[in-house]
Structures are given as C-alpha cells and as structure tokens.
There are 12 protein chains.
Amino acid sequence: MVNHVYKKVELVGSSPDSIEAAIENAIQMAGKSLKNLDWFEVIDTRGQIKDGKVAHYQVEIKVGFRIEN
Amino acid sequence: MVNHVYKKVELVGSSPDSIEAAIENAIQMAGKSLKNLDWFEVIDTRGQIKDGKVAHYQVEIKVGFRIEN
Amino acid sequence: MVNHVYKKVELVGSSPDSIEAAIENAIQMAGKSLKNLDWFEVIDTRGQIKDGKVAHYQVEIKVGFRIEN
Amino acid sequence: MVNHVYKKVELVGSSPDSIEAAIENAIQMAGKSLKNLDWFEVIDTRGQIKDGKVAHYQVEIKVGFRIEN
Amino acid sequence: MVNHVYKKVELVGSSPDSIEAAIENAIQMAGKSLKNLDWFEVIDTRGQIKDGKVAHYQVEIKVGFRIEN
Amino acid sequence: MVNHVYKKVELVGSSPDSIEAAIENAIQMAGKSLKNLDWFEVIDTRGQIKDGKVAHYQVEIKVGFRIEN
Amino acid sequence: MVNHVYKKVELVGSSPDSIEAAIENAIQMAGKSLKNLDWFEVIDTRGQIKDGKVAHYQVEIKVGFRIEN
Amino acid sequence: MVNHVYKKVELVGSSPDSIEAAIENAIQMAGKSLKNLDWFEVIDTRGQIKDGKVAHYQVEIKVGFRIEN
Amino acid sequence: MVNHVYKKVELVGSSPDSIEAAIENAIQMAGKSLKNLDWFEVIDTRGQIKDGKVAHYQVEIKVGFRIEN
Amino acid sequence: MVNHVYKKVELVGSSPDSIEAAIENAIQMAGKSLKNLDWFEVIDTRGQIKDGKVAHYQVEIKVGFRIEN
Amino acid sequence: MVNHVYKKVELVGSSPDSIEAAIENAIQMAGKSLKNLDWFEVIDTRGQIKDGKVAHYQVEIKVGFRIEN
Amino acid sequence: MVNHVYKKVELVGSSPDSIEAAIENAIQMAGKSLKNLDWFEVIDTRGQIKDGKVAHYQVEIKVGFRIEN
C-alpha cells in the first residue's frame, strides 16, 4: 500500500447566484490544470454588494488533490 | 423559573444538493434519538469532489437541545 | 486620489429558506439607513430548530461601507 | 412571520466589584440609546491593577438588538 | 498503572445570578447521568437581556470525566 | 445513495510512551461502545511532568463515526 | 469614581504610503463624528496590488472611545 | 517622554470561591516578586470538579508590568 | 459577465528596513512568475535579531491573483 | 546581502506508522519537484480508523522553500 | 487548603529524532532552573529541513509549575 | 551536535513614531537582561489616541532566545 501525499491550493470562486455555485466555479477552474481533485474546505464566505443587493458571492476554498508519484 | 441546561452534540451531515440540505439531514438524524432540539451552529463546511464536481457537501454542525430534569 | 475610509457593522439576518436569503435580508435592512454598502463577510451561520427541522437560518455578517467625507 | 434582523455593537464595561457588574454597567449604558436589547456575548475579560490588587474589571461584550423596520 | 481515557461533553448552564452559578447548574445536571466528573473548561459566556438588564447568564462549558473500563 | 450522517465525540487518551500510543488508547476505548469508527482529529497535546520528565502524554482527539439509520 | 463604558467601532483606513498612514487616516475620519477617541487595535492588514506594486495599504482597526453619560 | 516597555507573564490562579478570587490570588502572588503591575487579561477559565461540584476555579491570566530601565 | 476565480499563494518577504519593504519584496518576486496580481493579506510578522537589533523583518503574506481562463 | 523570498506550500502526508513518518513522506514528495526546502510547520494531525485502530496518520504541513531569483 | 498559583513559561525544544524527544529536551532544560514542574502543553510543531529530510523537530511548549509561597 | 532549547518572553514596546520603532524599543530593552536574542514574532499591534491622532504605537512581541546550558 502506498502512503499518499496530497497538496492543497487556495482558491476564491465567485457567483451571482449562490454560495454553492461559487464553490463549483472554483472547483471547475481548478480541474482545468489539476488532476485527482479529492476534497474541498470552505475557508471564508464574503461578497460584493451593488445597489443594496448581493452582486456576487465570493467563497474562498482549499482544494485537496493527490500528488502522483 | 427553572435554570435550563442544554447539551450540544457535534454532527456531520452530507448531501449532494446543497449546504442547507446537508444541515437538514444531520438535524433529521439527530431528531431520531434526541428530544427538544433547539438550535444548531455551523462549524465547518467541506465536501468531496468526483469527476471535477462537488459529489456531496459535508457540513459539520453542533446541535443544542434542552436536557430534561 | 482620495484615501477612502470604510466602516463595518455587524448584523444578523434570518430566513426560513436559505443561508443566502438570510444574508440578503440583513443587507436589505442595512441599506435602509446606510449608503455606499460595498461588501459583506459571513462571520457565523446558525439557526433555530422547530419540530426537528430548521425553522430559520441566522447568518451573522459584517457589512462594509465607504464613509463619505 | 417577519424575518428579524439584529445588529451587534461592541462595548467595554468596567466595575471595581465583579465581572458581572462590569457586564451590567455596559448593558445599562447601551439601554440609554438603544431599544430591543436582546442578548450579549462576552468577548474579552481584563482589568487594571493598582497597588497589587484589581482596581477594576473591564469586560468587552457584544450586545445584540433587533432592528425595527 | 492504567492509561486513563476521558470523555468531554459540551453543556450550557444558565442562571439569573452569576457566571459561577450557571457553571454549577450545568455541572449539577451532568452529575445526574455521568460519573467520575473531573474538570470543566469555560468555552463561552453570554446571556439574555430583558428590560435592559441581564435576565440570565448562559455559560457554555466542556465537562471531562474518566471512562471506566 | 444514502446521505450519511456522522457524529463526533471528544476524548482524551493518555500514555507514558508516545503521542501515538495516547491516540491509540483513546480510540481503543471508544471502540468498546461505538461502532463504525471512521476518523480522528488531534485537538490538543499536553501531558503531566513528574521528576522533571514526561510522566504521560495526554492527547485530546475527536473521533468521528457513522450513525446507522 | 465612575465606571466608564467604552464603545468600539470597526474601520478600514487606506494609504498608498504605509501601514501607519492608513491607521492615521482611519482615526482622523473617526474623529470627525466621534469624541473621546482613546485607543485602537489593528485587526487586519492587507492591500491592493497594481502593476506588481502595492497600490495602497488597507488596515482594519477597531477604535475605542468613552461613551459620555 | 520615555517609550515604556512592558513584560507579560502567564499565571494560573485558583480559588474555591469565584473566578474573581482566583484572579486576585494570582495577582497577589505576582506582586510578591514583580513591581509595577499594570493590567491583566483573562486567557482561560476552567476548574476541578469534586463530588459533582466545583472544587476550585482555575483562571489563567496574563499580567503586564512596566520594565524599569 | 464572467465569474472570476482567484488563486492565493503564500509568500514570506524579508527586508532589513521595514515591514512595508518586506511586503514589497515578496510582491515583486511574485510578479516575476505570476500575472494579474490583485491583492495581498498580511498573515504573520516576525524577524531575526542580530546584536540586539532587528536584522531583518520577515512578513508572511498571501497574494491573490485572477486565474485566466 | 539579498532579501530572500520564501514560498510555502500546503501538503498532507500519510503513514501507518507515526506522525513523524507522515511528515517525512510529505517532505520527501515535495523534494521531488521543489528545491531549497527550508522548514515545515505542522498545521493539523488526523487519521483514518479501521477495525478500531489507527489505519494511517494524516499530517497536514506547510513546507517553506526559498525562491531563487 | 492553599490556593495554588502556577506560572507558565514558553520553551522551544529541538531534536533530530522525534516530536517526543524535542518535548523531553525542553522539559529537561526547564528543570535545571525551575522547580515543581507540573504539566506541559504543545503549542506548535515545526522543524528544519536539510537535504530533503527533517533535520530536527522544533516543538514549542508551555511548561506550568507551581510557585512556592 | 547539541539540541538547542529556546525560551520566549512576551513584551510590549511603544513608540510615537512607527510600528518598527516600537518593536526595536522592546528588543533593545530585552537585550539589557537577556543574551542570545534570536528572533521576534509580532502578536498584537495597537496604540493610544490623543487629540484625534496616534499618540504612540504599542506592539506586543514575543522574543525568542537560546538558553545556554
């Protein structure tokens, strides 16, 4: 059995719709350059306000992925 | 007037759909064995990734309930 | 160029529907008395439980707004 | 049913007598200008020392109150 | 010599009188169902306000007790 | 697919030998009354000193286990 | 002797020059509407980058001031 | 005007009576070997339980004092 | 409108002169390999002492930059 | 004298044997693609449980390395 | 019964072998100048890397000891 | 090779001029009674306000020094 090693990168995704959509956007972008994406952790949730409404949610996540030998 | 005492338990609910659904699932399960559920606090939000998408959200909550004398 | 100064106030919004709706409710209320709302940060997410279900979400946010000279 | 919104303000009360008295002093002062005070949270407890004894306790609290529409 | 194992449970005690009384109330309740109570740790101190005064203190504690083999 | 729910309990294990042995002792004790133990998280590491040496390590962990429906 | 009560407000000052200047700008603005400013605490230091250089420092502070009876 | 320098030491006071008495005991002991005690900060509040009651409160404080040139 | 995604990297800059210079050095180095640098956050400030004086400041920052599609 | 800049990456190493072995595995993997590894910091220690025993330790570390000009 | 007062000092021990050995080294050194050492708490675990391997572990601990009257 | 042990002390330096000067003042004072000063860590930055301006910066640091055998 191998002793896996994982790396975590820190991303901020945004979406005008929901916290979940902001998370999905960040993960989708991460998947373009990284393989073996395994889990995410929400670090911070914030957003911009325009005209007294949420313009977009900004969710900071850490994404963990297995490093291939 | 009685001086109420509350207990808090720590649960992790999961759902493929949303953060709210993961919270609801954990509370629904807690309600099967505990009475007087009163409030919850979100401690941590994370999730698993499969095929570059969120497979399910995992939300850690603390659930507070009143202890009956 | 001016050196802007911002103030942050701490609000708790609630909604029976979702975390996002609770955030929106707090921001909408803030907009009634404050101008130049610029961003928000989620500080805490919790809620009340009634009959074994989430009765309403309570989301504590900080709202930042530019102070006019 | 209305979706209440609450605001929190940060106060430091002091008293030579006890932690509880310092909390009460801060709440009493808050009540002079704010309505609908609902709850408080202790953030920090400290104090000044004079002649090798506690001169007064300084307790930092957040006070939450419902914003009326 | 045995290698003791301890468990910690999270309780919220309340009292209209003082922080210490709220702690004592939580411990007294814990002692009704748990044996070998050994120590407590204060996690959070808050309370409800009624008519501009502290209605009751709510102190969240963790109580540690030795698990018997 | 089911939406699993997990519970976490907080334990303190001790051992005169090593941090790892203290963790193992806590998990072994947990396994006597709980099923489906899944993961642990180290929360705090401390210990007692006797005669200028470590008498035993005390490691506080949270143990997560799946709740069966 | 009176038992003073203090209030704390949260501000973000900015300056292209230094962390100290950003602090001073926030305090100067606070002084326009508040009296009895007594102390500040740095909460967070960040800034904007333009053309690979710091465009301005943004320092979040809490400012404490005595509430007059 | 001199630029004062302060040192902080970390103490744990205990008392069977109250949190305030535990703080006073620690400060009283500090005053036996240190001069110019100026302020204290409560870091942690815990205690021992005996026979289902608080045996003594243990309050960890930091004590600040001015260093004489 | 696009939903931007940002990445954050963690750097430690150093300078014998000031905290600001240490920040600038880290950002300047980041700009050699990364585009679209947008903001920084100070995480930790420390430094080395030589001959009883600050030899250099070491400032840990996170640098955020927009990921191009 | 040059003003060194360091970068920190976040890794999770695993080992069935010990916390130290999990750390070493993460560092060994980091050394395959990064030069000038200088220090590490333990961020989190956790692990998987199988059959009531620790199956493997998972240690999250940050690894710092000097960036060459 | 006396109300004991304890002091805590902050030490960093190092060892090329293990986390436990680094803790023991710090405690052994503390015992040369301090009496009544009672407990320790691990605050931080880090280390130096040389040639892609852990050169030595550096463990920051707080050591508590009873102050004699 | 010896396994060095370091001690850390907590100081608050002040200066009317800058954060850096407050740090230097604390380190200079530490150097009068301690040898082998090695590094410092900034813990907290605050200050006093007089007449709507920063009267002096107060920077809390920890200073680490090697203990000689």
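Residues numbered from 1 in each chain as written. Chains lettered and ligands numbered in written order. Predicted model: local features only at pLDDT ≥ 70, side-chain atom pairs only at ≥ 80, totals over all residues. Heavy atoms only, no water.

**Overview of the overall build of chain A**
So, point 1. For chain A, the helix and strand inventory stands at one helix and three strands.
So, point 2. In terms of C-alpha radius of gyration, chain A reaches 14 Å, well past the compact-globule figure of 11 Å for 69 residues.
So, point 3. With the principal axes as the frame, chain A shows a C-alpha extent of 55 × 20 × 15 Å.
So, point 4. Across the 69 residues of chain A, 57% fall into the buried class. (Helix = DSSP H or I, 4+ residues; strand = E, 2+ residues; numbered from the N terminus. Rg over C-alpha atoms; globule rule 2.2 N^0.38 Å. Buried < 20%, exposed > 50% of the residue type's maximum accessible area, 1.4 Å probe, protein only.)

**Re the interface of chain C and chain A**
So, point 1. Opposite the 13 residues of chain C that make contact, chain A presents 13 residues.
So, point 2. When the buried area of chain C at its contact with chain A is split by residue, Glu20(C), Glu24(C) and Phe40(C) rank highest and sum to 45% of it.
So, point 3. Run the count over chain C and chain A and you get zero salt bridges.
So, point 4. Where chain C packs against chain A, one counts five residue pairs in polar contact (both at pLDDT 80 or more).
So, point 5. Elements with a minimum of two residues in the side of chain C that touches chain A: helix H1 (19–30) and strand E2 (37–50) of chain C. (Contact = heavy atoms within 4.5 Å. Buried area = accessible area lost by both parts, 1.4 Å probe. Salt bridge = Lys/Arg side-chain N within 4 Å of Asp/Glu carboxyl O. Polar contact = N/O pair within 3.5 Å; in protein donor to acceptor, adjacent residues only side chain to side chain.)

**So, the interface of chain F and chain J**
So, point 1. Listed by partner, the interface residues are 13 residues for chain F and 13 residues for chain J.
So, point 2. With both sides pooled, the region where chain F packs onto chain J buries about 1,100 Å², and carbon together with sulfur makes up 58% of that total.
So, point 3. The largest share of the area that chain F buries against chain J comes from Glu20(F), Glu24(F) and Phe40(F), three residues that together contribute 45% of it.
So, point 4. Linking chain F to chain J there are zero salt bridges.
So, point 5. The tally of links between chain F and chain J comes to five residue pairs in polar contact (both at pLDDT 80 or more).
So, point 6. Listing elements by their share of the side of chain F that touches chain J, those giving two or more residues are helix H1 (19–30) and strand E2 (37–50) of chain F.
So, point 7. A breakdown of the residues in the side of chain F that touches chain J according to their chemical character gives eight nonpolar, one polar and four charged. (Nonpolar A, V, L, I, M, F, W, Y, C, P; charged D, E, K, R; others polar.)

**With respect to the pairing of strand E3 (residues 53–66) of chain J**
Residue and element names in this part refer to chain J.
So, point 1. When you tally the buried positions in E3, you get eleven out of 14 residues, the bulk of the element.
So, point 2. In terms of strand pairing, strand E1 (residues 5–15) meets E3 through ten bridges, oriented antiparallel. Across the sheet, residue serine 15 finds its bridge partner in E3, namely tyrosine 57.
So, point 3. By the bridge criterion, twelve bridges tie strand E2 (residues 37–50) to E3 in an arrangement that is antiparallel. Among the inter-strand pairings, glutamine 48 is bridged to a residue of E3, identified as histidine 56.
So, point 4. Between E2 and E3, which pair antiparallel one after the other, the connecting turn spans two residues, and aspartate 51 there sits at a positive phi close to 55°. (Pairing = 2+ DSSP bridges.)

**A look at the relation of the copies chain F and chain J**
So, point 1. Once chain F is rotated about the relating axis by 120° and shifted along it by 0.0 Å, it coincides with chain J to within an RMSD of 0.0 Å. Taken together, the rotation angle and the small translation identify this as a three-fold axis. Relative to the rotation axis, the closest C-alpha in chain F is found at Ile19(F), a distance of 5.0 Å.
So, point 2. In this assembly, only 15% of the residues forming the interface of chain F have copies in chain J that are likewise at the interface, indicating a heterologous arrangement. (Least-squares fit on C-alpha atoms with pLDDT ≥ 70 in both.)

**Quick notes on the environment of Gly47(A)**
So, point 1. Within the element layout of this structure, Gly47(A) appears in strand E2 (residues 37–50).
So, point 2. Non-local contacts of Gly47(A), meaning those with residues more than four positions away in its chain, are made with His56(A), Tyr57(A), Gln58(A), Asp38(C), Trp39(C) and Phe40(C).

**Examining the pattern of salt bridges**
So, point 1. Scanning the model with the defined rule gives 72 salt bridges over all chains in all.
So, point 2. In this structure, Lys8(A) engages Glu41(A) in a salt bridge whose closest nitrogen and oxygen atoms are separated by 2.9 Å. Here Lys8(A), found in strand E1 (residues 5–15), pairs with Glu41(A), found in strand E2; they are 33 residues apart in sequence, far enough to count as distant. Exposure class is identical for Lys8(A) and Glu41(A). Each is buried.
So, point 3. A salt bridge links Lys62(B) to Glu10(E); its shortest N-O distance comes to 3.0 Å. Of this pair, Lys62(B) sits in strand E3 (residues 53–66) while Glu10(E) sits in strand E1 (residues 5–15), placing the two residues on different chains.
So, point 4. Here the salt bridges share partners, and the residues they tie into one network are Lys8(A), Glu41(A), Lys62(A), Glu10(J) and Glu60(J).

**Thoughts on the arrangement of the chains**
So, point 1. Structurally, chain A and chain E remain out of contact, their C-alpha atoms never closer than 22 Å.
So, point 2. You won't find any contact between chain E and chain G; their C-alpha atoms come no closer than 15 Å.

**Re the relation of the copies chain C and chain A**
So, point 1. The transformation that overlays chain C on chain A combines an axial shift of 0.0 Å with a rotation of 120°, and the residual RMSD is 0.0 Å.
So, point 2. A low fraction, 15%, of the interface residues of chain C reappear at the interface in chain A, so the copies pair through non-equivalent surfaces.

**Regarding the pairing of E2(C)**
So, point 1. Across three bridges, E2(A) lies against E2(C) in antiparallel orientation. Its bridge partner lying in E2(C), Gly47(A) is registered against Phe40(C).

**Describing unusual backbone geometry**
In terms of backbone geometry, most residues other than glycine have negative phi values and most peptide bonds are trans.
All names here are of chain C.
So, point 1. Phi at asparagine 36 is positive, roughly 60°, even though this residue is not glycine.
So, point 2. By the secondary structure assignment, asparagine 36 is in the loop between H1 and E2.
So, point 3. Overall, the relative accessible area of 27% leaves asparagine 36 in the partly exposed class.

**Things to note about the packing of aromatic side chains**
So, point 1. Summed over all chains, the structure comprises 24 aromatic pairs over all chains.
So, point 2. With centroids separated by 6.0 Å and ring planes inclined at 80°, the aromatic side chains of Phe40(A) and Tyr57(B) adopt a geometry described as edge-to-face. Placement of the pair is Phe40(A) in strand E2 and Tyr57(B) in strand E3, with the two residues belonging to separate chains. With respect to burial, Phe40(A) and Tyr57(B) carry one shared label: buried. (Phe/Tyr/Trp six-rings, centres within 6.5 Å; stacked < 30°, edge-to-face > 60°.)

**Looking at the side chain of Glu60(K)**
So, point 1. Position of Glu60(K) relative to the elements: it lies in strand E3 (residues 53–66).
So, point 2. A distance of 2.8 Å separates a polar atom in the side chain of Glu60(K) from a polar atom in the side chain of Lys8(L).
So, point 3. If near-sequence neighbours (up to four positions away) are discounted, Glu60(K) is found in contact with Glu10(K), Leu11(K), Val12(K), Glu41(K), Val42(K), Ile43(K), Asp44(K) and Lys8(L).

**A word on the environment of His4(H)**
So, point 1. Tracing the backbone through its elements, the reader meets His4(H) in the segment before strand E1 (5–15).
So, point 2. Separated by 48 residues in the primary sequence, His4(H) and Gly52(H) place their C-alpha atoms 47 Å from one another.
So, point 3. Every residue in contact with His4(H), bar those within four places of it in the chain, is listed here: Arg66(H), Val12(L), Gly13(L) and Ser14(L).

**Regarding the environment of Gly52(G)**
So, point 1. Residue position: Gly52(G) is located in the loop between strand E2 (37–50) and strand E3 (53–66).
So, point 2. Not counting the four nearest positions on each side in its chain, Gly52(G) is found in contact with Ile27(I) and Gln28(I).

**Details of the confidence of the model for chain A**
So, point 1. Averaged over every residue, the pLDDT of chain A is 95; the share at 70 or more is 97%.
So, point 2. If you check the scores for this complex, the pTM reads 0.96 and the ipTM reads 0.96. (pLDDT = per-residue confidence, 0-100.)

**Some thoughts on the side chain of Ser15(D)**
So, point 1. Topologically, Ser15(D) is positioned in strand E1 (residues 5–15).
So, point 2. One polar contact links the side chain of Ser15(D) to the main-chain amide nitrogen of Asp17(D), over a distance of 2.9 Å.
So, point 3. Apart from residues no more than four positions distant in its own chain, Ser15(D) is found in contact with Ala21(D), Ala22(D), Asn25(D), His56(D), Tyr57(D) and Asn3(G).

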